[in-house]
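Descriptive analysis of the structure
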Amino acid sequence: MGIKNRLIFMSFLQFFVWGAWLITIGNYWFGTKNWEGTQFGLVFGTMGIASLFMPTLTGIIADRWVNAEKLYGILHILYAAVLFGIAQVTTPDTFIVVMLLAMCCYMPTIALSNSISYTSLKLNNKNIVKDFPPIRVWGTIGFIVAMWITNLSGSKATECQFYIAGVGALILGLYAFTLPKCEPQRLIKENATWIETFGLESFKLFANYKMALFFVFSMFLGGALQLTNAYGDVFLDEFKHFPKYADSFVIKYSTIIMSISQVSETLFILAIPFFLRRFGIKQVMLISMLAWVLRFGLFAFGDPVNGLWMIILSCVVYGMAFDFFNISGSLFVESNTDSKIRSSAQGLFMMMTNGVGAVLGSLTSGWAIDRFFTKSFANTTELAGFLQTDASNEKMVEFVKSQGNSISADGIFSNPVLMKDWHTIWLSFALYALVIAIAFAVLFKHKHDPREIENLSH
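Residues numbered from 1 in each chain as written. Predicted model: local features only at pLDDT ≥ 70, side-chain atom pairs only at ≥ 80, totals over all residues. Heavy atoms only, no water.

Right, let's get into empty space enclosed by the protein. What the rule picks out here adds up to 3 cavities of 30 Å³ or more. Here the largest cavity defines a volume of roughly 400 Å³. Those elements that provide at least two residues to the lining of the largest cavity are helix 1 (3–19), helix 5 (92–123), helix 6 (128–152), helix 9 (209–237), helix 11 (254–279), helix 13 (308–335) and helix 14 (342–372). Taken together, the residues of the lining of the largest cavity break down into 15 nonpolar, 13 polar and 2 charged. Volume-wise, the second largest cavity comes out at about 60 Å³. (1 Å grid on protein atoms, 1.4 Å probe; cavity = no way out; pocket = protein on both sides within 12 Å on 5 of 7 lines; lining within 4 Å. Points joined across faces, edges and corners; volume = space filled by probe spheres on them. Helix = DSSP H or I, 4+ residues; strand = E, 2+ residues; numbered from the N terminus. Nonpolar A, V, L, I, M, F, W, Y, C, P; charged D, E, K, R; others polar.)

Written out as structure tokens, the structure is:
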């Protein structure tokens, strides 16, 4: 099997083992376990917490002591073991702790998979700008396949989604030991300082204005990514509370609709080489930020009937928003760091996007939604106005009672009914992305040099 096909198989499973549960875990949490929503944000927070230190730590280990492919395999085997165990958890507190352990195993493998791919392609005299995107696109395909398997197998709200991911992770972990050797550089001086010994030189990148600015914007964009992961499927699902949308296929197949985002990724990944050569790394990253503005703005005005095209277009735009920054950002790190710290520098990039950015994004958005964008309704008249129906609508009454509420003769609820104002939420997220894009365009100075892209080939 050629090196490209070997890396394609790795990339496919890398994201298959994440996609099997990432989008549907909310259905398991709320629908099957009936756990409270206040703790659900912590599930996504575990990804950020793990990314604060694990990618950097494993990057250091790969740069200094252990072959990257072996470390990668060990982490996936451990991830599989934890996934098999998480299905047995019966309390939300324990679930969050075990999920944190799973993320400590999984999150660093994303950066390691990039390092393994880059190293293997270079060892085989391949052009990574041209050859890496078609390999990485299979990761997105793996994510899509996992989503569809989970949904169509009836595992959307059951623990089987974790078993599907666990089996894939075990296969990938064992397969990793057959990958080309990615040996540590071990470029440690005899009189090395403790910073050099433990590979912490990558943190010195913050002393460089351009690199520091790049990592700061990586953090802000990492927050935007978590917003769609955490709330995208929930947003579509909550249209079921609106009587005029209750029977829409969008609600029944919300996960399938969301998978359009991943399908879009496969197309935009293949377009990255052209855009990088034509516009350069900075412009490609800026295009990504403007795509996030569209992603959120289209969600704000979309609905399952007349605005369905906006929801679908938002999912299409997601591919550009996600790919253009993550892949061009990874290549920017690859081309602007010394070879002896590249694995740890890639880990640092992951730490800022999926670590600091994810934690801040999850905590801030969760607080803002609860504080500013959640409406409280005390009677049928108020709720009917929000749901765009009449006060006697049977489906609305069923919804109120399903919340454990009773309705008095004059239409007063025994407890307030809380509803998220998704229109304002998505508009606020769009404004957030727009501010980031403008600031990036003004502050981040990076002149397009075609030689930078070509040098990545060698």
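After presenting the structure, the write-up continues.
Let us look at the packing of aromatic side chains. In the structure shown here, the tally under the stated rule is 39 aromatic pairs. In this arrangement the basic side chain of arginine 136 is found over the ring face of phenylalanine 15, its NZ or CZ atom lying 4.2 Å from the centre. (Phe/Tyr/Trp six-rings, centres within 6.5 Å; stacked < 30°, edge-to-face > 60°. Lys NZ or Arg CZ within 6 Å of the ring centre and 35° of its normal.)

We now examine the state of the cysteines. Each disulfide is one covalent bond, formed between the sulfur atoms of two cysteines. According to the stated counting rule, one finds 0 disulfides in the structure shown. Cysteine cysteine 104 remains unbridged, with the sulfur of cysteine 105 as its closest cysteine sulfur at 6.9 Å. The exposure class assigned to cysteine 104 is buried, which follows from its relative accessible area of 14%. (Disulfide = S-S within 2.5 Å. Buried < 20%, exposed > 50% of the residue type's maximum accessible area, 1.4 Å probe, protein only.)

A few words now on the pattern of salt bridges. One pass over the full model with this rule turns up 3 salt bridges. Residue lysine 4 pairs with aspartate 131 through a salt bridge whose shortest N-O separation is 3.1 Å. Of this pair, lysine 4 sits in helix 1 while aspartate 131 sits in helix 6, placing them 127 residues apart in sequence. Classification of lysine 4 as partly exposed rests on a relative accessible area of 34%. For aspartate 131, a relative accessible area of 9% puts it in the buried group. With its nearest N and O atoms 3.9 Å apart, the salt bridge here joins lysine 420 to glutamate 238. One end of the pair, lysine 420, is in strand 2 (residues 412–420); the other, glutamate 238, is in the loop between helix 9 and helix 10 (249–252), and 182 residues separate them in sequence. A relative accessible area of 26% means that lysine 420 is categorised as partly exposed. The exposure class of glutamate 238 is buried, given its relative accessible area of 16%. (Salt bridge = Lys/Arg side-chain N within 4 Å of Asp/Glu carboxyl O.)

Scope: geometric values only; no functional claims are made or implied.
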